[in-house]
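Summary of the model geometry
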Amino acid sequence: MKIYLAPMEGITNHIYRSALDAHFPGVDRYFTPFISAIANLNKKQDRDVNPQNNIGMDLIPQLMAHTVDAVLHLQALLQERYGYSEINLNQGCPSATVVSKDHGSGFLRDVETMDRYFEELFDRADFPVSVKTRIGVESEEEWDAILEVYRRYPFSEIIIHPRTTRDQYQGKPRLEQFARALEVLDASRICYNGDVYTIEDYQAIKAQFPQVDKVMIGRGILKNPMLVSEIKAFEAAEKYALNHEDWMALAAMMQQIRDVMQQTFSGDAHVLAHLKELWGYLAGLFPDAKKEIKSLKKSRKLAEYDAVVRLLFSNK
């Protein structure tokens, strides 16, 4: 099974990816948070895709665009500047501001337009194209028509989060609709995405869909980066239990993120905003440290933050 890290805007940037890869190696493929297809890359986007900031990673740029011309322009720019030969299309983002513009999963609303879009894209593209998708906007009943469009085109991979836009991240993934995709599409091209938080979640997906050999994990890794090690140990049929070295690796990962952010962003407030967002996910690993987590969230200086983090890991 290959493990992919899901792209999450403002979170899984090159700083996070590099730290995760350094301390919990095992992610097979990374995707950039979506890049809107514009005339040129801004400084933030350019920094995020620069191979010098993603050493040793298999990184795929994820694009979001209304027109095929825009996709082709940006892909050519990425290939010429940095050598990227493959792209991923975002048809899965459920954010209201994105969907209202018929971007992300909002693009699924009109399957006829989507079909014409892909017909033109694959007629003109000479590079691999993958797609990350949801199963509909309002209802899972939209899925069959969407699947029929995907079936007609040679996507290198189809990453399926089996929820609708309306679902957001609520309720359970609609696994019967994921199973439906396996009936229609070539299983070797399909990647599962959605609610893999624990090794038990991973095992359940693998048991239910043994023909699938790719899984994308986002919030599960953010909540517990050590999940990567657990999955790799399971795949290698090795016994695994979290130990002191794992916790120290997590401490080193968070220290690396903190240090690079301090070098990249200006001012403690900016750095702390990013770090606190990450700790919003990690807090569940420290169920008996509610007081310390509260202090961390209140910290206004990096020195205060550092003191709390040292305390959190002191008993690990």
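This text goes with the structure placed above it.
Reading the values: rules and limits
- One numbering rule holds for all chains: residues counted from 1, following each sequence as written.
- Local features are withheld for residues below a pLDDT of 70 in this predicted model, meaning they are given only at 70 or higher, and side-chain atom pairs are given and counted only at 80 or more; totals for whole chains, interfaces and linings count all residues.
- Working from all heavy atoms in the structure, the side-chain values ignore hydrogens and water.
- In this description, strands pair whenever DSSP reports at least two bridges between them.
- Only DSSP runs of H or I with at least four residues qualify as helices, and only runs of E with at least two residues qualify as strands; both kinds are numbered from the N terminus onward.
- Contact definition: two residues touch when any of their heavy atoms are within 4.5 Å.
- A fitted line through C-alpha atoms represents every axis, and for helices the fit uses only the stretch in contact; the resulting angles, taken between N-to-C directions, go from 0 to 180 degrees.
- Throughout, the protein atoms alone are placed on a 1 Å grid, and a set of points is a cavity if a 1.4 Å probe fits but cannot get out or a pocket if it is open with protein on both sides within 12 Å along at least five of seven lines; lining residues have an atom within 4 Å of a point.
- Grid points are joined across faces, edges and corners, and a volume is the space filled by probe spheres set on the points.
- When residues are grouped by polarity, Ala, Val, Leu, Ile, Met, Phe, Trp, Tyr, Cys and Pro land in nonpolar, Asp, Glu, Lys and Arg in charged, and all others, Gly among them, in polar.
- A side-chain nitrogen of Lys or Arg and a carboxyl oxygen of Asp or Glu constitute a salt bridge if their distance falls within 4 Å.
- Exposure categories follow from relative accessible area, calculated using a 1.4 Å probe and restricted to protein chains: below 20% of the type maximum is buried, above 50% is exposed, and the middle band is partly exposed.
- Note on terminology: angles under 35 degrees are roughly parallel, angles over 145 are roughly antiparallel, angles of 65 to 115 are roughly perpendicular, and the others are oblique.
- The handedness of a crossover follows from its direction of travel: if, with the strands pointing away from the viewer, the path from the first strand over the helix to the second runs clockwise, the crossover is right-handed.

1. Some thoughts on the sheet that holds strand β3 (residues 35-36)
- Taken in spatial order, the ten strands make up an open sheet running β3-β5-β6-β7-β8-β9-β10-β1-β2-β4, and their pairing is parallel. Here the strands that pair on one side only, and so sit at the sheet edges, are β3 and β4 (59-60).
- As judged from the four bridges shared by strand β1 (residues 2-5) and strand β10 (residues 214-217), these two strands associate in the parallel manner. Each bridged residue has a counterpart across the sheet, and for K2 the counterpart in β10 is K214.
- Against the sheet, helix α6 (residues 143-151) engages β6 (87-91), β7 (129-133) and β8 (158-160), with an angle of about 170° to β7.

2. A closer look at empty space enclosed by the protein
- Inspection of every chain in the model, using the stated rule, returns two cavities of 30 Å³ or more.
- In terms of lining, the largest cavity is formed by L63, M64, A65, L89, N90, Q91, D102, H103, G104, F107 and Y117.
- Of the residues forming the lining of the largest cavity, the biggest block, three residues, is contributed by β6.
- Among the residues making up the lining of the largest cavity, the classes are represented as six nonpolar, four polar and one charged.
- The calculated volume of the second largest cavity comes to roughly 40 Å³.
- Lining the second largest cavity, in full, are G10, I11, N13, M261, H274, E277 and L278.
- Per element, the largest residue contribution to the lining of the second largest cavity is three residues, and it comes from helix α12 (residues 268-282).

3. Observations concerning the pattern of salt bridges
- Taken as a whole and assessed by the stated rule, the structure comprises 23 salt bridges.
- Residues E148 and R152 are paired through a salt bridge, measuring 3.1 Å at the closest nitrogen-oxygen approach.
- For R152, a relative accessible area of 38% gives the class partly exposed.
- R258 is paired through a salt bridge with D306; the nearest N and O atoms lie 2.9 Å apart. Within this pair, whereas R258 is found in helix α11 (residues 244-264), its partner D306 is found in helix α14 (residues 302-314), the two being separated by 48 residues in sequence.
- The exposure class assigned to R258 is buried, which follows from its relative accessible area of 8%.
- What you see here is one network of salt bridges that share partners, running through R29, D58, E86 and E157.

4. Thoughts on the packing of helix α5 (residues 111-124) against α6
- Interhelical geometry of α5 versus α6 gives an angle of 10° and a closest axis separation of 10 Å. By the criterion of interaxial angle, the relationship of α5 to α6 is roughly parallel. On the side of α5, the interface is formed by V111, M114, D115 and F118, while α6 contributes A145, I146, V149 and Y150.

5. Some details on the pairing of β10
- Across the two faces of β10 the burial is the same, with K214 and M216 and V215 and I217 all buried.
- Pairing of strand β9 (residues 190-193) with β10 involves two bridges; the strand directions are parallel. Considered in β10, the bridge of Y192 is made with V215.
- Crossover β9 to β10 through helix α8 (residues 199-208) is right-handed.

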